[in-house]
Amino acid sequence: MAQKKVTMDIKTKANYIVISFTGDLEYGVIEDIKKDLQALKLETKHGYIIDMQKVMNIDSTGFGMIVNFAKMVSVKEKRIAIIVVDDFIRNLFAISQCDKIFPISKNEDDAKQIIQDGWSSELSLNEY
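Reference entry: report on the structure contained in this document. (Residues numbered from 1 in each chain as written. Predicted model: local features only at pLDDT ≥ 70, side-chain atom pairs only at ≥ 80, totals over all residues. Heavy atoms only, no water.)

In this structure, E77 is a non-glycine residue whose phi angle is positive, near 60 degrees. With respect to the secondary-structure elements, E77 resides in the loop between α2 (60-75) and β4 (79-83). Under the relative-accessibility criterion, E77 is labelled exposed at 72%. Positioned with a positive phi, Q97 is a non-glycine residue whose angle comes to about 65 degrees. On the basis of relative accessibility, which here comes to 36%, the residue Q97 falls in the partly exposed class. (Helix = DSSP H or I, 4+ residues; strand = E, 2+ residues; numbered from the N terminus. Buried < 20%, exposed > 50% of the residue type's maximum accessible area, 1.4 Å probe, protein only.)

A word on the packing of aromatic side chains. The way to describe two aromatic rings as a pair is by their centre distance and the angle between their planes. Under the definition given, this model contains two aromatic pairs. An angle of 80 degrees between the planes, with centres 5.3 Å apart, marks the rings of Y48 and F69 as edge-to-face. You can see Y48 sitting in strand β3 (residues 47-58) and its partner F69 sitting in helix α2, a full 21 residues away along the chain. The same class applies to Y48 and to F69, which are both buried. Between F63 and F93, the aromatic rings sit 4.9 Å apart at their centres with planes inclined by 85 degrees, giving edge-to-face as the arrangement. Here F63 is found in helix α2, whereas its partner F93 is found in helix α3 (residues 87-96), with 30 residues between them in sequence. (Phe/Tyr/Trp six-rings, centres within 6.5 Å; stacked < 30°, edge-to-face > 60°.)

Our focus in this paragraph is the packing of helix α1 (residues 31-39) against α2. Where α1 contacts α2, the two axes come as close as 10 Å, and the packing angle between them is 10 degrees. On the basis of their axis angle, the class for α1 and α2 is roughly parallel. Residues I33, K34, L37 and Q38 of α1 form the contact with α2, whose own contacting residues are M65, F69 and M72. Taken together, the residues that form the contact of α1 with α2 break down as five nonpolar, one polar and one charged. (Axes fitted to C-alpha atoms, helices over the stretch in contact; angles between N-to-C directions. Parallel < 35°, antiparallel > 145°, perpendicular 65-115°, else oblique. Contact = heavy atoms within 4.5 Å. Nonpolar A, V, L, I, M, F, W, Y, C, P; charged D, E, K, R; others polar.)

So, in structure tokens, the structure goes:
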């Protein structure tokens, strides 16, 4: 069985930052990524796009990492949008109800529009 791994890539755009994950956002493999994400001191005009197009699986630890990052971002009054194209990953977002607190888009252009214009969630981060 192949060992699972995850990588994170950060790209700063004109008015937002894209954080791309590749691999498995799961317990046992995200500890270093979680620390790196929490240590980010990134400034942006509108917010952050989390690109999960290359994520193979995500568990509760991965969702927790994203929720904690979102709480850190919300203190700065910035927005987050998440790109999810895989139906399996989208279903995991629905099962975890993270699709009720984060806007899910299919591409970067849609995500960029969401962080610029705003999005009304079904649940707040505090209610989650």
